[in-house]
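# Overview (structure and organization)
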Amino acid sequence: MASDIAANLHDIRLTIAAAAQDAGRKTDDVTLVAVSKVQPDDRIDAALAAGQRVFGENRVQEAQSRWEPRRPLYPDLRLHLIGPLQTNKARAAVALFDVIETLDRPALVAALAAETARQNRHPDILIQVNTGAEPQKSGVLPAELPSLYAAACSAKLRVVGLMCIPPADEPPTLHFGLLKTLADTLTLKTLSMGMSADYETAIRLGATHVRVGSAVFGERKAAA
Ligand SMILES: *Cc1c(COP(=O)(O)O)cnc(C)c1O
């Protein structure tokens, strides 16, 4: 399993480099976020041994138990929260994560602003956009993005970009293109889009961060 994960990471890094080059972009402009949710410890440690340092997690508590013991061993680790955040978990999220990708509502602006000030810790923030306007999905609607962005800026959150999860049953291209347009309008540079099935497409359309889980670690045992 360890050698599989090292090989997977190697292949994905090559694919990222090729997609970036095709798009006339630099390989270094694209960061691989390895999505480690639900994966067993031996797979996490194999990815670390293979040099992977940027990881994505969906749940605050799961991330705490996985990463608090490992963090002191890997000072260059960067942890991204990519799942929905409840306001009562803002304290723990600000303490643990380097990037919070899922700001999506005014109540969370307030909670994150209070915690970043209290802890004097300022993670990078991405606003999650519900590009498909799916009722069950988190993310701010595109029409409400400018006012949420303005509120986050006045609350002194360090908003650096946007994130989206396209609808599962549609080609992702329109959603990636829309996210890129929205980011350009706000002059935001960071674009988190693309997963195992479509990260090459996302890179061609401007992704700076791709969130890849199963292609790195193999299938997850349980849904997350
Ligand atoms: C699980 C998850 C991923 C990774 O999905 P894969 O298809 O396994 O690559 C990416 N982004 C988010 C928000 C996720 O929840």
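In case you missed it, the structure is sitting above this.
Here we summarise the structure given alongside this text. (Residues numbered from 1 in each chain as written. Predicted model: local features only at pLDDT ≥ 70, side-chain atom pairs only at ≥ 80, totals over all residues. Heavy atoms only, no water.)

## Details of the site of the ligand
Around the ligand, the structure places Val 35, Lys 37, Asn 58, Ile 82, Ile 165, Met 195, Ser 196, Arg 211, Val 212, Gly 213, Ser 214 and Arg 220. At 2.8 Å from an oxygen atom of the ligand is found a main-chain nitrogen or oxygen belonging to Ser 214. Bound to the protein, the ligand loses 89% of the 390 Å² it would expose on its own. Along the lines of polarity and charge, the residues of the shell around the ligand split into 5 nonpolar, 4 polar and 3 charged. (Near = heavy atom within 4 Å. Polar contact = N/O pair within 3.5 Å; in protein donor to acceptor, adjacent residues only side chain to side chain. Areas by Shrake-Rupley, 256 points an atom, 1.4 Å probe, with all protein chains shown as cover. Nonpolar A, V, L, I, M, F, W, Y, C, P; charged D, E, K, R; others polar.)

## Side note on the packing of aromatic side chains
As enumerated under the stated definition, the model contains 1 aromatic pair in all. With centroids separated by 4.6 Å and ring planes inclined at 40°, the aromatic side chains of Phe 55 and Trp 67 adopt a geometry described as tilted. Taken together, the positions of Phe 55 in strand S2 (residues 54–57) and Trp 67 in helix H3 (residues 60–67) put the pair 12 residues apart, joining distant regions of the chain. (Phe/Tyr/Trp six-rings, centres within 6.5 Å; stacked < 30°, edge-to-face > 60°. Helix = DSSP H or I, 4+ residues; strand = E, 2+ residues; numbered from the N terminus.)

## Examining the nonpolar core
Generally speaking, soluble globular proteins have nonpolar side chains that are buried together. Residues Leu 112 and Leu 162 are the most contacted members of the largest nonpolar core, which totals 61 residues. In this structure, Leu 112 is in contact with Leu 85, Ala 90, Val 94, Ile 100, Leu 103, Ile 125 and Leu 157, ignoring residues within four places of it in sequence. (Core = buried A, V, L, I, M, F, W, Y, C linked by side-chain atoms within 4.5 Å. Buried < 20%, exposed > 50% of the residue type's maximum accessible area, 1.4 Å probe, protein only. Contact = heavy atoms within 4.5 Å.)

## Some points on helix H2 (residues 41–49)
Every buried residue belonging to H2 is among Arg 43, Ile 44, Ala 46, Ala 47 and Leu 48, and all of these are buried. Buried positions along H2 lie against helix H1 (2–22), S2, H3 and helix H9 (214–217). Remark: Gly 51 follows H2 within two positions and exhibits a positive phi of approximately 95°.

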